[in-house]
Number of protein chains: 2
Amino acid sequence: MTFDYLIPTKILFGAGKLNQLAEEKLPGTKALIVISAGTSMRKHGYLQRLEKLLEQQGIHSVVYDKILPNPIKEHVMEGAALAKENSCDFVIGLGGGSSIDAAKSIAVMAVNPGDYWDYIGSGSGKGEPVENGALPIVAITTTAGTGTEADPWTVITNGDEKIGFGDPAFTFPVLSVVDPELMLSVPPQLTAFQGFDALFHSVEGYIANIATPMSDIYALESIRLIAEYLPTAVADGTNIEAREKVALANTLSGMVESTSCCISEHSLEHAMSGRHPELPHGAGLIMLSEAYLSHFADKIPEKYKAMAQAMGGTDFVEELVKLQEKCGVRELKMSDYGITENELEAIAENARDTMGFLFELDPVQITPAETVHILQAAYR
Amino acid sequence: MTFDYLIPTKILFGAGKLNQLAEEKLPGTKALIVISAGTSMRKHGYLQRLEKLLEQQGIHSVVYDKILPNPIKEHVMEGAALAKENSCDFVIGLGGGSSIDAAKSIAVMAVNPGDYWDYIGSGSGKGEPVENGALPIVAITTTAGTGTEADPWTVITNGDEKIGFGDPAFTFPVLSVVDPELMLSVPPQLTAFQGFDALFHSVEGYIANIATPMSDIYALESIRLIAEYLPTAVADGTNIEAREKVALANTLSGMVESTSCCISEHSLEHAMSGRHPELPHGAGLIMLSEAYLSHFADKIPEKYKAMAQAMGGTDFVEELVKLQEKCGVRELKMSDYGITENELEAIAENARDTMGFLFELDPVQITPAETVHILQAAYR
């Protein structure tokens, strides 16, 4: 058992913690705030609150508000240009995983030349070294889904390639705010999609062949919290205790990402939503999960037993299905999002082309043919 | 539930990990290496290995080798003077908790004026602000006892005051190496003392009134690992698996210190070993523990149940006593180290004078009279 451990992010966790930004040491005096193209950050007043808190510290800010649910490379480049133009010295991602991931990538491109895809290590990326690191990143998460506030990773889409990137040396947020009060307004279905995304980060990180003792303890606690509290958070979004526990589970799932890694389930889903950007990442994972996770059940029975126990049962896949039922996401279908059965081979290929490295982390290796079988079994 | 979380230290964990220093990015080009006044770092060749690994990176080093088991302020000042004289740009603590704690304090005094006690916030310390932070600190631990490799704290003795100090902003190690191969030579009794020190960090941090969900998961896993593996590590010091698990438990106990805190048991022991420097810290804690921890058992039954379960039983204090028996430390007596019954009131007073703030973190407040009663119950 050997491992390297690093999660340098300072995390302010809990209801009301956003307000602490008024006195918290921040990494600069001029911030680029990155938010989604949607209306929610302004509608709920989160953006205005953030701007005011920064003002209280004498920090000027500029807003970039175009990020899509699956953030695209063009917006990374545009946001980075805005950061340069305004001499921003740090970048704040405010919102869900998309905005925070985009903030990370913008922070890189704000201080490095060329095109973002020059630095991407797979697919059609050139894999060039990042010479200048990144601007400091602050993450303020208003959803509980990606765990990106506690990991160095960012996922950006370029054409039909949706690829992860990051470097523990410079794309960890220096500061993350996880304030469940900001999550009270997430609608039930999104709460479920995001909660399952967090669940799969923890599950995949737990069964990955590079799991560590540290990722194991984060993963099992995260799985336990999601099984116990996600149904309540979905059923009653105003339940602050359930929001808080799911938020903690999500931050823990980010810590799993930092100490272990996703496996090929994520490659497959990225291929699906890369081709069908309207498919929410969490929904895609839910569609895959029963077929995908059943594949490994008898190959690593001890790990499946521990996950089942964390969920309060004895059979992990059964507990997974039950949780999907409780959260009202059991009936999701690929066909509802325009995925056709004919496409499954192309999805399997695209998954290996763009994020093939995650297949190497699977608990046992799966062949291209098995990959297609899993997709076929998951297809409805 | 709100908390701030920060453990920025990069940790290289596992057998053989020391060798990774040959390629790991280090925070400077001239290091002060801080080791104990004992012979073990040279006898086992650890110092020579470290010097060679640094040389491979072109890093020059100077050695300060006077640290005592309870490190004293004079040596902090002397080590800091040596660091200044040689323009060292980082400090490496190599050894047990004493050497690493001393390295932290030396790193502070290498860049700040005046006397170390000017910055100490309790006892006769002046509590002045540390203006210049500290040199970067690297910790290489050769024991599994204090968890100092994963926390920002350092404990230094000045006369009969033994006081903790540290600032998460600058006294966390930037890098820690936890290589159980370096622990194979620790003799059985010290292995037990140190393992129990780690256990009490986790137990106290778990029952402290400022415990967080993060400290809870570290604490319970640490308690579980120590209960399962410490007896083997004591009985057969060459068992690398047992050494590894106890080392992990110890690092986790440091993470507990970073996310929760010790409570008054530590104040009491510091008062004991502050007055009797020949008393090993872990031994002092063991002497106190049954009486001290029994005091809170019926006040926080849920927490005691969880700790008992982590140790594989149903009654925590019973499991604690069993573990002491298995590790051959059940018969330790205060009187063997020169503590007299007449002294107990003075110890209780000294504990409040020098580290009174830890009493405020107890799960329920204990009165001065109760404190003396606990010491009397523990006295043999």
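Everything quoted here is computed from the prediction, not taken from an experiment.

Here is what the cut-offs are and how they apply
- Starting afresh in each chain, residues are numbered from 1 along the sequence in its written order.
- The order in which chains are written sets their letters, starting at A; the order in which ligands are written sets their numbers, starting at 1.
- Where local features are concerned, this predicted model is filtered to residues with pLDDT of at least 70; where side-chain atom pairs are given and counted, the filter is 80 or more; whole-chain, interface and lining totals use all residues.
- Excluding hydrogens and water, the side-chain values take into account all heavy atoms of the structure.
- In this analysis, two residues are considered to be in contact whenever any of their non-hydrogen atoms come within 4.5 Å of each other.
- Two parts lose some accessible area (1.4 Å probe) when they are put together, and adding that loss for both gives the buried area.
- What counts as a salt bridge is simple: a side-chain nitrogen of Lys or Arg found within 4 Å of a carboxyl oxygen of Asp or Glu.
- Within 3.5 Å is the distance limit for a polar contact, defined as a pair of N or O atoms, with the added protein rule that one can donate a hydrogen and the other accept it, and that residues adjacent in sequence qualify only through two side-chain atoms.
- Residue ranges assigned to each domain were obtained from an automatic or database domain assignment.
- Partly exposed describes any residue whose relative accessible area lies between the buried limit of under 20% and the exposed limit of over 50%, with all areas from a 1.4 Å probe on protein chains only and scaled to the type maximum.
- Only DSSP runs of H or I with at least four residues qualify as helices, and only runs of E with at least two residues qualify as strands; both kinds are numbered from the N terminus onward.
- Read the arc as the range of directions from the helix axis to the C-beta atoms.
- Strand pairing follows a simple DSSP-based rule, namely that at least 2 bridges must link the two strands.
- Lines are fitted to the C-alpha atoms to define the axes, a helix being fitted only along its stretch in contact, and any angle between axes, read from their N-to-C directions, falls within 0 to 180 degrees.
- Within 6.5 Å between ring centres, the rings of Phe, Tyr and Trp (the latter by its six-membered ring) count as paired, and their orientation is classed by plane angle as stacked under 30 degrees, edge-to-face over 60, tilted in between.
- In our convention, an over-ring charge means Lys NZ or Arg CZ found within 6 Å of a ring centre and within 35 degrees of that ring's normal.
- Overlaid copies result from least-squares superposition on C-alpha atoms, with residues included only where pLDDT is at least 70 in both.
- Any helix carries an expected span of 1.5 Å times its number of residues minus one.
- Values of bend correspond, residue by residue, to the angle between axes fitted over the seven residues ending at that residue and the seven starting there.

1. Details of the interface of chain B and chain A
Chain B puts 26 residues into the contact, and the matching count from chain A is 26 residues. Counting the surface lost from both chain B and chain A, the interface buries some 2300 Å², and carbon and sulfur atoms represent 65% of this. Our count for the contact surface shared by chain B and chain A stands at 2 salt bridges. Remark: the boundary between chain B and chain A carries 9 residue pairs in polar contact (both at pLDDT 80 or more).

2. Comments concerning the domain arrangement of chain A
In many reports, interface size means the accessible area that the parts give up when they come together. All names here are of chain A. When the domains of chain A are assigned, the result is domain 1 (10-182) and domain 2 (186-378). For domain 1 and domain 2, the distance between their C-alpha centres works out to 24 Å. Listed as interface residues are 28 residues of domain 1 and, on the opposing side, 31 residues of domain 2. Taken together, both faces of the contact between domain 1 and domain 2 bury some 2200 Å²; the carbon and sulfur share is 58%. Taken as a group, F13, A144 and K162 account for 26% of the area that domain 1 buries against domain 2, more than any other trio of residues on that side.

3. A word on helix 2 (residues 46-56) of chain A
All names here are of chain A. The set of residues buried in helix 2 consists of Y46, L47, L50, L53 and L54. Taken down its axis, helix 2 places every buried residue within 125° of arc, on the same side. Exposed positions of helix 2 whose direction lies more than 90 degrees from the buried face are K52, E55 and Q56. Summarising the contacts, the buried residues of helix 2 are in contact with strand 2 (30-36), helix 1 (40-43), strand 3 (60-67), strand 4 (90-95) and strand 5 (137-141). Where helix 2 terminates, the next one or two residues include G58, which has phi positive at roughly 75°.

4. Focus: the sheet that holds strand 8 (residues 175-178) of chain A
Spatially, the 12 strands line up as an open sheet ordered 3(A)-2(A)-4(A)-5(A)-8(A)-1(A)-1(B)-8(B)-5(B)-4(B)-2(B)-3(B), and their pairing is mixed. This sheet does not close on itself; its edge strands, each paired only once, are strand 3 of chain A together with strand 3 (60-67) of chain B. Sheet twist, expressed as the mean angle between neighbouring strand axes with direction ignored, is 25°. Looking at chain direction, strand 2 of chain A and strand 3 of chain A are connected through 6 bridges and run parallel. Looking across to strand 3 of chain A, one finds that L32 of chain A is bridged to V62 of chain A. The strands touched by helix 6 (residues 213-235) of chain A are strand 1 (3-13) of chain A together with strand 1 (3-13) of chain B; relative to strand 1 of chain A, the strand with the most contacts, the crossing angle is about 40°. In the packing of helix 2 (residues 46-56) of chain B onto the sheet, the strands contacted are strand 2 (30-36), strand 3, strand 4 (90-95) and strand 5 (137-141) of chain B, and the crossing angle to strand 2 of chain B comes to about 170°.

5. Comments concerning the environment of S258 of chain A
Residues and elements named next belong to chain A. The topology assignment puts S258 in helix 7 (residues 240-259). Residue class for S258 comes out buried when judged on its relative accessible area of 16%. Distance from S258 to D151, taken between C-alpha atoms, is 5.1 Å for residues 107 residues apart in sequence. Excluding its chain neighbours within four sequence positions, the residues that come into contact with S258 are L6, I7, A150, D151, P152, W153 and F172. A polar contact of 2.7 Å, which involves the side chain of S258, links it to the backbone oxygen of A150.

6. A few points about the packing of aromatic side chains
For any pair of aromatic rings, the description consists of the separation of the ring centres together with the inter-plane angle of the planes. All names here are of chain A. Counting across every chain of the model gives 13 aromatic pairs over all chains. Taken together through their ring pairs, the aromatic side chains of Y116, W117 and F165 make up a single cluster. Residue placement shows R352 over the ring face of F359; its charged tip is 4.0 Å from the ring centre.

7. A word on the relation of the copies chain B and chain A
Turning chain B through 180° and shifting it by 0.0 Å along the axis lays it on chain A, with an RMSD of 0.0 Å. Within this description, the copies of the chain are treated as partners about a two-fold rotation axis. For chain B, the smallest separation between a C-alpha atom and the rotation axis is recorded for P8 of chain B, amounting to 1.8 Å. When the interface residues of chain B are mapped onto chain A, 100% of them again fall at the interface, so both copies present the same face.

8. Concerning helix 9 (residues 281-294) of chain A
Residue and element names in this part refer to chain A. Between the first and last C-alpha of helix 9 there are 20 Å, a value that for 14 residues agrees with the 20 Å anticipated at 1.5 Å per step. At L288, helix 9 is deflected by roughly 50°, the largest bend along its length. Summarising burial for helix 9: 12 of the 14 residues are buried, a large majority. Looking only at helix 9, the buried set comprises H281, G282, A283, G284, L285, I286, M287, L288, S289, A291, Y292 and L293. Elements in contact with the buried residues of helix 9: strand 7 (161-165), helix 5 (188-207), helix 8 (264-275), helix 10 (301-310), helix 11 (316-326) and helix 13 (368-378).

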